[in-house]
Amino acid sequence: MSGTHLAIAPLIALFGGVLGAYLAGRSTRGRSATRPGVVAALALVLALASTWLLWTRSLPIEYALFGEGVGVRVTALSVFLSTIACMVGLAVTVHAMGSDDSDDAADLYFPLVLATVAGVVGIGLSADLFSLYVFFEVMAVATYALVPFAVDRATAVEAGLKYVIMNAAGSLLAIFGISLVYAHTGGVLDFAALSGALTATTGPGPLEAAVLFLVVGFGVKAAVVPLHTWLPDAYTESPASASALLAALATPAAIVAMGKALSVVPDGVSVGLLLLVLGALTMTVGNFLALGQRDLKRLLAYSSIPHVGYIVFGLGVGFYGGFDVAFDGALFHVLANAFMKGGAFLAVGAIGYRLAGVEGEHRTLDALAGVGYRMPVAAGAIAVAVLALAGVPPLAGFWGKLFIVLGSAEVSGAVGVGLAVIVVGNSFLSLGYYLPVLGALFDSPTDAVSSLDRTPTRLAVPILAMTAGTILLGLAPAFGLDLVGPAADVLQHGLEVTP
Amino acid sequence: MTALAYGVAVALLVLGLASIVAGRNVVKTLIGVELASKGVLVNFVATDPAGSQGIVVILIVIDAVVVAVLLGVAVAAYRQYGTLDLDALGRLTW
Amino acid sequence: MIEQLPTAVLGLTVLFGLVAVAARDFLVSILSLSGASVALAVYFFLAGAPIAAVFEAVVAAGLITVLFLFVISLTEADTAERIERGKLTVVGLALGGLLGVGIAVWALLDPVASEAATGTTFAQALWSGRSVDLLAVTILMFVGVLAVVRLTAERLDPVTDTTATQPGDRASGQQEGES
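(A) Spatial organisation of the overall build of chain B. When helices and strands are tallied, chain B shows three helices and zero strands. Going residue by residue from the N terminus, the α and β elements of chain B occur as α-α-α. On C-alpha atoms alone, chain B measures out to a radius of gyration of 16 Å, which is more than a quarter above the 12 Å that the 2.2 N^0.38 rule sets for 94 residues. When the backbone C-alpha atoms are referred to their principal axes, chain B occupies close to 45 × 25 × 15 Å. Burial statistics for chain B: of 94 residues in total, 64% are counted as buried.

Okay, structure coming up:
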């Protein structure tokens, strides 16, 4: 019995944390970030611990609150998403406690961070398409408030407006696609039953339309080109820890949600080809957009787009030919991306925190020249993250790309070689904007930079944890593959419950 | 009858999206969001009126929350810019 | 004649939607949107989804209309003046009419099945069928309130804080209505 109740424990811990962090924030005089932060971190640790307990049991586990009905289904994919979500959430929470991201409103900031994490955990746990949408919306609404969290800065509000309008429209398209699936199957939404209930029709029909709606709908949140236009502003203008949460967690989770929704579509519909083309487009366009950027945070924001592209491309190759290794690569890159992007954005946040009192403009690479000598932890973390993002072995970003390339090469003939070349070529292209970052960080210091203090300890801890993750995952990818492999199998072979 | 309802669902979605894309004022955009979400409801009800009620009720509540948050962002934008005209809010590039 | 009714109501919904999108006047737009919701609620009822109809009428047509009117009165000076002038008529019409429809739907529901039984069986069906989603939606509403509180917070002028958090209060009112 305890085993079944355990299934919902991560969600309950996080939902409890949302309420608890709010109450802790309200009860603190002077709106200090410590108490709500500690409550939030506790909830995340609890969720992580129960996720680990779930991992040790035989999966999948079916569970419904108080008996029958649509409940949750714990699969390897749920554990995978839940682990990433809780780890990123923990790093973001610790970072936000040490910096001023919560902006005198810690009672609101930490619950919103937790709700984002809870939404991602729920995406993994959801047993039917509608639950998937509900949890997706929990995540989305929480980020709607996190992006324009600095409500008294005009650019932040405007970036937020753009973000919420585009994403609300995207969510609408996704749920419209789900309603089409509902209409097509006559009322079946459960993942386990769907793959049997959905039958491909000859020629374009409602199912094809539904697939298109799902891809475009989740694609907006995932920032698939040409639906990426909200991303650079939203990442640049949100508080640093919220950018880390978005880049490391929310955006990749949207791709996983898309993959989970599409995993039930029968083979007759060419989902794989669609994702392949979108993925290739996304990484190429994203890399070119990032090339000329001089603003460090904006550069990292733009560089998130190609990484979305790699993941979508990996899923596309996987769906196209049914190659295990491509699914592994896509999900491994989700995991690696969490560490790389999380570490990079948190480190940029730490630099911004130190530079906040300094006069003048301090976001471009020129202004940050030489920051590596004054803040070695933050700059070192950015350097590691940037190398990993470019796919330099033996860092975390290398393996995901390698598996995706291997998957592409399995596509027969010249097409396979061409697909592999696209990925490899894009990796080299990305060096074109990552190398200037390295150069600038360890250039001769400017006046403003040379008087900086070192990275504050409370900010250094989560940054170092993320960097350590990037390096360890690169040195020992087997650890990651233990988690990724079964999750990729679930995505590939559907979510049927084995008796 | 059901076919007509599906047609209406698509019509509402298209109307809503048109308002989102072409709307020059934030309020018009949000009216589009609200309208398009009604199309989704029609799809669910037309397929299985009694069985989908739980889904429809939850969806109506979600839509209300989303629209409330979007209106909150609109109010925040109005505080900063003094207008809700999307053409005037052009400081950041699309 | 009766068979034609759902068709007519659906047509009316699209017509109202068209007006809501095309109208230049925000007040007309918002009231048309509300009208579309009412028409849709009638369709839901005719199609055999009475509870969904009540929610559509009360939440979508009533609450959301009020939210829109509130924001418009905050941001568009000339429209605000017209709402102010015809306040009782406009808001009264919107709210009263829509709640009236909701109640009428309830009343019409009675002959079909005994009122109390329908309510409880539906609640049970909803709870057992979608318990996890209900939990998530509850949290979603809480998150929505937090979001609105933050977004409408006016730091420099704490006096207006009470009016600024009004949408949040509305959303929490709806939370009570839902449970």
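Back to the write-up after that little detour.
(B) Structural view of the overall build of chain C. Along its length, chain C carries nine helices and zero strands. Counting only residues that meet the buried cut, chain C has 46% of its 179 residues in that class.

(C) Seen up close, the interface of chain B and chain A. Residue-level contacts link 32 residues of chain B with 31 residues of chain A. The set of elements that each furnish at least two residues to the side of chain B that touches chain A consists of helix 1 (2–22), helix 2 (26–47) and helix 3 (53–81) of chain B. Examining the composition of the side of chain B that touches chain A, we find that twelve residues originate from one element, helix 3 of chain B, more than from any other. Here the residues of the side of chain B that touches chain A are counted per class, giving 23 nonpolar, seven polar and two charged.

(D) Region of the structure containing the nonpolar core. V138 and I382 of chain A are the most contacted members of the largest nonpolar core, which has 318 residues in total. When residues in this core are grouped by element, the largest group, 21 residues, is from helix 3 of chain B. In this structure, this core is formed jointly by two domains, domain 1 (4–113) and domain 2 (130–179) of chain C, each of which donates at least three residues. Non-local contacts of V138 of chain A, meaning those with residues more than four positions away in its chain, are made with A115, A118, G119 and G122 of chain A together with A136, I139, L140 and V143 of chain C.

(E) Molecular detail of the interface of chain C and chain B. At the junction of the two partners, chain C supplies 51 residues and chain B supplies 44 residues. The leading source of residues in the side of chain C that touches chain B is helix 3 (residues 50–75) of chain C, at 14 residues. Grouping the constituent residues of the side of chain C that touches chain B by class yields 36 nonpolar, ten polar and five charged.

(F) Representation of the environment of T251 of chain A. All names here are of chain A. For T251, the position within the fold is in helix 11 (residues 240–262). Owing to 27 C-beta atoms within 10 Å, T251 belongs among the buried residues under this scheme. Setting aside chain neighbours within four positions, we find T251 in contact with K221, A222, A223, L246, S304 and V308.

(G) Quick peek at the confidence of the model for chain C. Averaged over chain C, the pLDDT score is 73; the fraction of residues at 70 or greater is 56%. Overall, residues 156–179 of chain C carries pLDDT values under 50, and its contacts beyond four positions in sequence, including any with other chains, amount to 33 contacts.

(H) Region of the structure containing unusual backbone geometry. Residues and elements named next belong to chain A. Looking along the chain, the bond that leaves V225 and enters P226 is cis, with omega of 10°. With respect to the helices and strands, the residue P226 is situated in the loop between helix 9 (206–222) and helix 10 (231–237). In this structure, P394 follows P393 across a cis peptide bond, with omega equal to 0°. Mapped onto the secondary structure, P394 falls in the loop between helix 16 (376–390) and helix 17 (396–410).

(I) Summary view of helix 9 of chain A. Residues and elements named next belong to chain A. Taking 1.5 Å of rise per residue, the 17 residues of helix 9 would be expected to cover 24 Å, and the 24 Å separating its terminal C-alpha atoms lies within 8% of that figure. If you check which residues of helix 9 are buried, you get L207, A210, V211, F213, L214, V215, G217, F218, G219, V220, K221 and A222. Looking at the buried residues of helix 9, the elements they touch are helix 6 (129–146), helix 7 (154–185), helix 11, helix 12 (271–291) and helix 13 (296–321).

(J) Structural view of the confidence of the model for chain B. Looking at chain B, the pLDDT average stands at 86 and 93% of residues meet or exceed 70. No element of chain B has a lower mean pLDDT than helix 1 of chain B, at 89, and none a higher one than helix 2 of chain B, at 91.

(K) Looking closely at the packing of helix 3 of chain B against helix 3 of chain C. In contact at an axis separation of 10 Å, helix 3 of chain B and helix 3 of chain C are set at 5° when each is read in the N-to-C sense. Classed by the angle they form, the pair helix 3 of chain B and helix 3 of chain C counts as roughly parallel. Tallied by class, residues from the contact of helix 3 of chain B with helix 3 of chain C come to 21 nonpolar, two polar and two charged.

(L) Structural context of the packing of helix 5 (residues 106–125) of chain A against helix 11 of chain A. Residues and elements named next belong to chain A. Contact geometry for helix 5 and helix 11: axes closest at 10 Å, N-to-C directions at 25°. Comparing their axes, helix 11 and helix 5 come out roughly parallel. Along this stretch, helix 5 crosses helix 11, giving a crossing that reads as left-handed. Touching V113, T116, V120 and I123 of helix 5 are L245, L249, A250, A253, V256 and A257, all from helix 11.

(M) A look at the environment of F398 of chain A. Residue and element names in this part refer to chain A. Tracing the sequence through the fold places F398 in helix 17. Among the residues examined, F398 registers 20 C-beta atoms within 10 Å and is labelled buried. On a C-alpha basis, the gap between F398 and A338 in space is 14 Å, while along the polypeptide they are 60 residues apart. When residues no more than four places from it in sequence are discounted, the contact partners of F398 are G391, V392, P393 and G474.

(N) Fine view of the environment of A18 of chain B. Residues and elements named next belong to chain B. Looking at where A18 falls in the secondary structure, it is placed in helix 1. Take A18: there are 16 C-beta atoms within 10 Å of it, and that puts it in the partly exposed class. Remark: the alpha-carbon pair of A18 and L84, spanning 66 residues in sequence, is separated by 18 Å.

(O) View of helix 2 (residues 26–47) of chain C. Residue and element names in this part refer to chain C. The terminal C-alpha atoms of helix 2, which comprises 22 residues, lie 31 Å apart, in line with the 32 Å expected from a rise of 1.5 Å per residue. In terms of residue burial, helix 2 counts as a mostly covered element, since 19 of its 22 residues are buried. Backbone geometry just after helix 2 places G48 at a positive phi near 105°.

What counts as what
- The residue count restarts for each chain, going from 1 along the sequence in the order it is written.
- Key to labels: chains lettered from A, ligands numbered from 1, both in the order written.
- The predicted nature of this model means local features are confined to residues of pLDDT at least 70 and side-chain atom pairs, given and counted, to a pLDDT of 80 or more, with totals for whole chains, interfaces and linings taken over all residues.
- The way it works is that DSSP assigns letters per residue, a run of H or I at least four long becomes a helix, a run of E at least two long becomes a strand, and they are numbered from the N terminus.
- Using C-alpha atoms as the atom set, the radius of gyration is obtained and then compared with a globule rule of 2.2 Å times the number of residues to the power 0.38.
- In this scheme every C-beta is placed from the backbone, and a residue whose C-beta has 20 or more other C-beta atoms within 10 Å is buried, one with 12 or fewer is exposed, and one in between is partly exposed.
- For every residue pair, C-beta atoms are placed from the backbone, and the pair is scored as a contact if these atoms sit within 7 Å.
- Only Asp, Glu, Lys and Arg are considered charged, only Ala, Val, Leu, Ile, Met, Phe, Trp, Tyr, Cys and Pro nonpolar, and every remaining residue, Gly among them, polar.
- To define a nonpolar core, we join buried Ala, Val, Leu, Ile, Met, Phe, Trp, Tyr and Cys residues through C-beta atoms within 7 Å and take the resulting set.
- Domain extents, as shown, originate in an automatic or database domain assignment.
- pLDDT expresses how confident the predictor is about each individual residue, on a scale running from 0 to 100.
- One less than the residue count of a helix, multiplied by 1.5 Å, gives the span that helix is expected to have.
- Here the axes come from fitting lines to C-alpha atoms, over the contacting stretch only for helices, and the angles between their N-to-C directions go from 0 to 180 degrees.
- Each angle receives one of four descriptions, namely roughly parallel if under 35 degrees, roughly antiparallel if over 145, roughly perpendicular if within 65 to 115, and oblique otherwise.
- In this scheme the crossing of two helices becomes right-handed for a clockwise turn of the near helix relative to the far one and left-handed for an anticlockwise turn of less than a right angle.

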